[in-house]
Amino acid sequence: MALEHALLVSLTERASSGYDLAQRFDKSIGFFWHATHQQIYRVLKRMDEQGWVTAETVPQAGRPDKKVYTVSDAGREELIRWIGEPTELEPMRNELGVKLRAASLGDVSALAVEVKRHRDQHEHRLDLYRTFEKKDYPAPDQLSGKKLHQYLVLRGGIRVEEGIVDWCDEVLDALERDAARSQASEPKGSQR
């Protein structure tokens, strides 16, 4: 997925300035696709040049004018084309997993601390997603159209975070058992 498509999706939901898009990105789409504010502005300019968006200059009292972007017909056609094309399975990139594979070469207890930190961060994100679910989608079986699609993406995020929290718990339990076995098998009086 190109950042252009993520921005087009966001703009179909609501016309926005670059600043507003960046703020919304930080709170919603940004959970699934990361982009810096500079990238968003740069890509908006390119999308405007391609004719995928139109920009209306809106005067602001006491501040510089802002551009509010909307999706053009060409942008909608691009979204339709993109939605219909096959999605490639992307390889999982997980630095923590690579560190875990090499754990025997380093300080396993320090790695366990890092796994716990990741677990806590993912649990926090899971709690946040569940809060969104409860507040924004109290009757999911009655959803349709855009709201249903947004809910399904949120459910995907919930499932991913649940999986990561469960995996971190599994890793921490296994590392703890392994450390206990190692201590039990050490000859008395030896030091590591």
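Residues numbered from 1 in each chain as written. Predicted model: local features only at pLDDT ≥ 70, side-chain atom pairs only at ≥ 80, totals over all residues. Heavy atoms only, no water.

Below, the discussion takes up the pairing of strand β3 (residues 63-71). The pairing of strand β1 (residues 16-17) with β3 spans two bridges and is classified as antiparallel. Its bridge partner lying in β3, S16 is registered against Y69. With seven bridges connecting them, strand β2 (residues 53-60) and β3 associate as antiparallel partners. Each bridged residue has a counterpart across the sheet, and for Q60 the counterpart in β3 is R63. Counting the residues in the hairpin turn of β2 and β3 gives two residues, including G62, whose phi is positive at 75°. (Pairing = 2+ DSSP bridges. Helix = DSSP H or I, 4+ residues; strand = E, 2+ residues; numbered from the N terminus.)

Those residues carrying the UniProt feature "domain: Transcription regulator PadR C-terminal" (unreviewed entry) are residues 92-176 in this numbering. With 80% helix and 0% strand, residues 92-176 has end C-alpha atoms that lie 26 Å from one another. (UniProt positions renumbered as here; feature names shortened; annotations may be inferred.)

Bringing a negative patch on the surface into the picture now. Where like charges cluster on the molecular surface, the negative patch consists of D166, E170, D173 and E176. Residue class for E170 comes out exposed when judged on its relative accessible area of 55%. (Patch = residues over 30% accessible without salt bridge, like charges linked within 9 Å, V, L, I, M, F, W, Y side chains within 5 Å. Areas by Shrake-Rupley, 256 points an atom, 1.4 Å probe, with all protein chains shown as cover. Salt bridge = Lys/Arg side-chain N within 4 Å of Asp/Glu carboxyl O. Lys, Arg positive; Asp, Glu negative; His and termini not counted. Charge placed at Lys NZ, Arg CZ, Asp CG, Glu CD. Buried < 20%, exposed > 50% of the residue type's maximum accessible area, 1.4 Å probe, protein only.)

If you trace the three strands from one edge of the open sheet to the other, you get β1-β3-β2, paired in antiparallel fashion. Bordering the open sheet on either side are β1 and β2, each of which pairs with just one other strand.

It is worth spelling out the packing of helix α1 (residues 3-13) against helix α3 (residues 37-50) at this point. One way to put it is that α1 packs onto α3 with a least axis distance of 10 Å and a crossing angle of 85°. Compared by their axis directions, α1 and α3 come out roughly perpendicular. Between α1, through L3, E4, L7, L8 and L11, and α3, the contact on the second element is made entirely by Q39, I40, V43, L44, R46 and M47. (Axes fitted to C-alpha atoms, helices over the stretch in contact; angles between N-to-C directions. Parallel < 35°, antiparallel > 145°, perpendicular 65-115°, else oblique. Contact = heavy atoms within 4.5 Å.)

Let us now look at helix α6 (residues 108-136). In this model α6 runs 41 Å from its N-terminal to its C-terminal C-alpha over 29 residues, within 8% of the 42 Å that 1.5 Å per residue would give. Those residues of α6 not exposed but buried are L111, V115, R119, H122, L126, Y129 and E133. Lining the buried residues of α6 we find α5 (95-101) and α7 (145-185). (Expected span 1.5 Å × (residues − 1).)

Right, let's talk about the side chain of S17 for a bit. Along the chain, the position of S17 falls in strand β1. Classification of S17 by relative accessible area gives buried; the value is 4%.

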